[in-house]
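Residues per chain, in single letters:
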Amino acid sequence: MFGLEKPGRSGAFPSMASVGDFNVLSSSIPATKVELSVSCRNLLDRDTFSKSDPICVLYTQAIGNKEWREFGRTEVIDNTLNPDFVRKFIMDYFFEERENLRFDFYDVDSKSPNLSKHDFLGQMFCTLGEIVGSQGSRLEKPIVGIPGKKCGTAIVTAEELGCCRDSVLMQFCANKLDKKDFFGKSDPFLVFHRSNEDGSFTICHKTEVVKNTLNPVWQAFKISVRALCNGDYDRTIKVEVYDWDRDGSHDFIGEFTTSYRELSRGQSQFNVYEVINPKKKGKKKKYVNSGTVTLLSFLIETEVSFLDYIKGGTQINFTVAIDFTASNGNPSQPTSLHYMNPYQLNAYGMALKAVGEIIQDYDSDKMFPALGFGARLPPDGRVSHEFALNGNPQNPYCHGIDGVMEAYYRSLKSVQLYGPTNFAPVINHVARYAASVKDGSQYFVLLIITDGVISDMAQTKESIVNASKLPMSIIIVGVGPAEFDAMEELDGDVVRISSRGKFAERDIVQFVPFRDYIDRSGNHVLSMARLAKDVLAEIPEQFLSYMRVRGIKPSPAPPPYTPPIHVLQTQI
């Protein structure tokens, strides 16, 4: 999250609502940007002779030290208890991160930007995921913070910014490029770079090489507007032209710069670029150029996004499966992976909380089936590979992540850790549900937490290959010191998983070893945020790949809420 402007400390209120701080975890390109609109109903009245003059101040929370930082402010609206603020907050949105937000409301009494000089009207806490995951991406929550008083309601709506989901299909050709090869003509290719805030450049696309020609026509290629210019239409795009060499020491032919806005004019005299080699230009007086590059076509395509489906009502159902095999060690011993330490969560608890707290924002009823496998159950000691942690096989649902944690601890006291470690039964359990709703209204995520010594590899592969046709994804977190080679194989990032000659239709498994995230400094908050980020980052793409293959379009979002218009709206 990059902020260009800090809240001013003198004069009027800062003019930007999209002010933020750099976030350690968010140095990747944001998945998308969302615009937050804020309204309130029935605010407290703090003015004697007229109504309050409200302003909203948004704070975000740093992941490590939990410190709240001001992100931005809306305008002030005079004389109303039901403001619809015009100024929006624009934020980066990542599905895989938990972004805590705090909206503070004040009645402004003077021109001072110092908030302590104004009357506090209350505050509302939520996460960005909660707003996005609410029906129609519209969250309504009571304003709290003044004991004994009803402070009214805050309404926050999230809207995905359009530029983030556009892709462009472009094709280029070149004429009369410099000849670089001794025995033949050049083998040219193009390299595209987007410019960053600090003036540096990041590579964002390379074309293929066209062999032995000074007048190449490259194939059309597709690139997201976000990757090309981070959604900024006037940002410089630098294009370099190289002559390909087998040994990797490609010869620089020349370069030119453009921008998305220029390119969007399409094929025209404006989109013929002189390729300039600055060294040659400096040395040779008669140097004109090293050839020209021409844009042949430019086509904008709008992609449907993960948020389109969520906004249209698609629910994400989250199921947890926990490994209760004897290889975890006796839960009463501190060496056990299931050790119930009264002062600290064990690895199972930490992984469950890290992933669950993010996913729960996308599940409206917050009821999660929680299963165990590999234990002997009371009263008769039979071994089960899919038992309900809450002891109720007819209704294995637990309320919220805290409910799942409670059921997990209860199970540890009543079952006997045993074996073998079979994954297939819990995968098939979720697959049965996923197979019954293939219309895109629901998507299933199964989190398996295990110490990794798997006994039914062949059956598990078969289950995953079958599940790859269904609306589901599987996350595996490996805890403990074991070798996780088998888990890496299931992940299928290197080699697509197959069973009896049949390959998985799509990659649906994401595996991470818990030990890679243990923070030596003991800062579990940061390390768990990193764990959640890595296991959840692939879910939106896996989700979209299912919808694309099945040709399922997002349902239209429910009609947006239109607040009543207030005539009295003045701004400081």
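A quick note: this is a predicted structure, and the numbers were derived from the prediction, not measured.

Describing the domain arrangement of the protein
- Parsing the protein into structural domains produces domain 1 (32–161), domain 2 (166–302) and domain 3 (312–550).
- Computed over C-alpha atoms, the centres of domain 1 and domain 3 are 36 Å apart.
- The interface is formed by 13 residues belonging to domain 1 together with 15 residues belonging to domain 3.
- By the criterion of area lost to domain 3, the three top residues of domain 1 are Phe95, Glu96 and Arg98, representing 53% of everything that side buries.
- Of the charged contacts, one joins Lys533 and Glu97 as a salt bridge, the two residues approaching to 3.1 Å between their closest N and O atoms.
- Here domain 1 is connected to domain 3 by 4 residue pairs in polar contact (both at pLDDT 80 or more).
- Sorting elements by how many residues they give to the side of domain 1 that touches domain 3 places helix H1 (residues 128–133) first, with 4 residues.

Looking at the pairing of strand S25 (residues 472–478)
- Here S25 lies mainly inside the structure; 7 of its 7 residues are buried.
- Burial along S25 is two-sided: Met472, Ile474, Ile476 and Gly478 and Ser473, Ile475 and Val477, pointing in opposite directions, are all buried.
- In terms of strand pairing, strand S24 (residues 442–450) meets S25 through 7 bridges, oriented parallel. By the bridge assignment, Thr450 is partnered in S25 with Gly478.
- Following the backbone out of S24, through helix H9 (residues 457–467) and into the adjacent parallel S25, one traces a crossover that is right-handed.

Regarding the pairing of strand S13 (residues 236–243)
- Among the 8 residues that make up S13, 7 are buried, leaving the element largely enclosed by the rest of the structure.
- As defined by bridge partners, S13 adjoins strand S14 (residues 251–259) across 8 bridges and the pair is classed as antiparallel. Across the sheet, residue Thr236 finds its bridge partner in S14, namely Ser259.

Examining the side chain of Ser134
- Its place among the elements puts Ser134 in the loop between H1 and strand S7 (138–142).
- Side-chain polar atoms of Ser134 contact the backbone oxygen of Glu130, separated by 2.6 Å.

Side note on the pattern of salt bridges
- Applying the stated criterion across every chain yields a total of 21 salt bridges.
- Between Glu505 and Arg550 there is a salt bridge, and its shortest N-O distance comes to 3.2 Å. One end of the pair, Glu505, is in the loop between strand S27 (502–503) and strand S28 (509–513); the other, Arg550, is in helix H12 (residues 539–550), with 45 residues separating them in the sequence.
- Residues participating in the shared-partner salt-bridge network are Lys353, Glu357 and Asp402.

Some remarks on a negative patch on the surface
- A cluster of acidic residues, Glu483, Asp485, Glu488, Asp493 and Asp516, forms a negative patch on the protein surface.
- Inspection of the secondary structure assignment puts Asp485 in helix H10 (residues 485–491).
- The exposure class assigned to Asp485 is exposed, which follows from its relative accessible area of 55%.

Remarks on the sheet that holds strand S19 (residues 375–377)
- Across the sheet, 3 strands lie side by side as S20-S19-S23; this open sheet has antiparallel pairing. With one partner strand each, in any of the chains shown, strand S20 (382–384) and strand S23 (416–417) form the two edges of the open sheet.
- Where S19 lies against S23, 2 bridges are found, and the strand directions are antiparallel. Paired with Arg376 across the bridge in S23 is Gln416.

Some remarks on the packing of aromatic side chains
- Across all of its chains, the model carries 24 aromatic pairs by this definition.
- Residues Phe256 and Tyr273 carry aromatic rings whose centres are separated by 4.7 Å and whose planes lie at 15° to one another, so their mutual orientation is stacked. Here Phe256 is found in strand S14, whereas its partner Tyr273 is found in strand S15 (residues 272–274), with 17 residues between them in sequence. Side by side, Phe256 and Tyr273 carry an identical accessibility label, which is buried.
- Here a set of aromatic residues connected by ring pairs shows up, and it is made of Phe95, Phe306, Tyr309, Tyr362, Tyr443 and Phe543.
- It is Arg265 that lies over the ring of Phe270; its NZ or CZ is 4.1 Å from the centre.
- Here the guanidinium or amino end of Arg376 rests over the ring plane of Tyr418, the centre of that ring lying 4.6 Å away.

Brief notes about the confidence of the model for the protein
- For the protein, per-residue confidence averages 87 on the pLDDT scale, and 91% of positions sit at 70 or higher.
- This model gives residues 567–572 a pLDDT under 50, and the stretch forms 18 contacts once residues within four places in sequence are excluded.

A word on the sheet that holds strand S2 (residues 54–61)
- In spatial order, the strands read S3-S2-S5-S6; together these 4 strands make up an open sheet with antiparallel pairing. Edge positions in the sheet fall to strand S3 (68–73) and strand S6 (119–127), since each has one partner strand and no second. Looking at each pair of strands side by side, their axes are set apart by 25° on average, direction ignored.
- Inspection of the sheet shows S2 paired to strand S5 (residues 100–107) by 7 bridges, in the antiparallel sense.

Focus on the packing of helix H8 (residues 424–436) against H9
- The contact between H8 and H9 brings their axes to 9 Å, and the two run at 15°. Our classification of the angle between H8 and H9 gives roughly parallel. Between H8 and H9 the crossing geometry is left-handed. The residues of H9 that touch H8, namely those facing Ala424, Ile427 and Asn428, are Gln459, Thr460, Ser463, Ile464 and Ala467.

Cut-offs applied
- In every chain, residue numbers begin from 1 and rise along the written sequence.
- Owing to the predicted nature of the model, reporting of local features is limited to residues with pLDDT of at least 70; listing and counting of side-chain atom pairs is limited to 80 or more, with chain, interface and lining totals taken over all residues.
- Hydrogens are left out, water is left out, and the side-chain values use all remaining heavy atoms of the structure.
- Start and end positions for the domains come from either an automated domain assignment or a database one.
- For this analysis, residues touch if any pair of their heavy atoms sits within 4.5 Å.
- Buried area, as used here, totals the accessible surface that two parts lose on assembly, with accessibility defined by a 1.4 Å probe and the loss added over both.
- What counts as a salt bridge is simple: a side-chain nitrogen of Lys or Arg found within 4 Å of a carboxyl oxygen of Asp or Glu.
- In protein, a polar contact requires one atom able to donate a hydrogen and another able to accept it; more generally it is a pair of N or O atoms within 3.5 Å, and residues adjacent in sequence count only if both atoms are side-chain atoms.
- In this description a helix means any DSSP run of H or I spanning at least four residues, a strand means any run of E spanning at least two, and both kinds are numbered starting from the N terminus.
- Categorising residues by exposure relies on relative accessible area from a 1.4 Å probe, with only protein chains included: less than 20% of the type maximum marks a residue as buried, more than 50% marks it as exposed, and the intermediate range marks it as partly exposed.
- Strands qualify as paired when DSSP identifies two bridges or more between them.
- A clockwise course of the path from the first strand over the helix to the second, judged with the strands pointing away from the viewer, identifies a crossover as right-handed.
- What makes a patch is a set of residues exposed beyond 30% relative accessible area and free of salt bridges, joined within 9 Å when like-charged and within 5 Å when nonpolar (Val, Leu, Ile, Met, Phe, Trp, Tyr).
- In short, Shrake-Rupley with a 1.4 Å probe defines the accessible areas, and a residue's cover is counted only from the protein chains shown.
- His is not counted here, nor are the chain ends, while Lys and Arg score as positive and Asp and Glu score as negative.
- Think of each charge as sitting on NZ of Lys, CZ of Arg, CG of Asp or CD of Glu.
- In summary, the pairing rule links any two rings of Phe, Tyr or Trp, Trp by its six-membered ring, whose centres are within 6.5 Å, and it sorts them by plane angle into stacked for under 30 degrees, edge-to-face for over 60 and tilted for everything else.
- Geometrically, a charge over a ring is one whose NZ (Lys) or CZ (Arg) sits within 6 Å of the ring centre while staying within 35 degrees of the ring normal.
- One number per residue, pLDDT, summarises how confident the predictor is, and it ranges from 0 to 100.
- Axis lines are fitted to C-alpha atoms, over the contacting stretch for helices. Their N-to-C directions set the angle, which ranges from 0 to 180 degrees.
- Roughly parallel means an angle under 35 degrees; roughly antiparallel, over 145; roughly perpendicular, 65 to 115; everything else is oblique.
- We call a crossing left-handed when the near helix sits turned anticlockwise from the far one by less than a right angle, and right-handed when that turn is clockwise.

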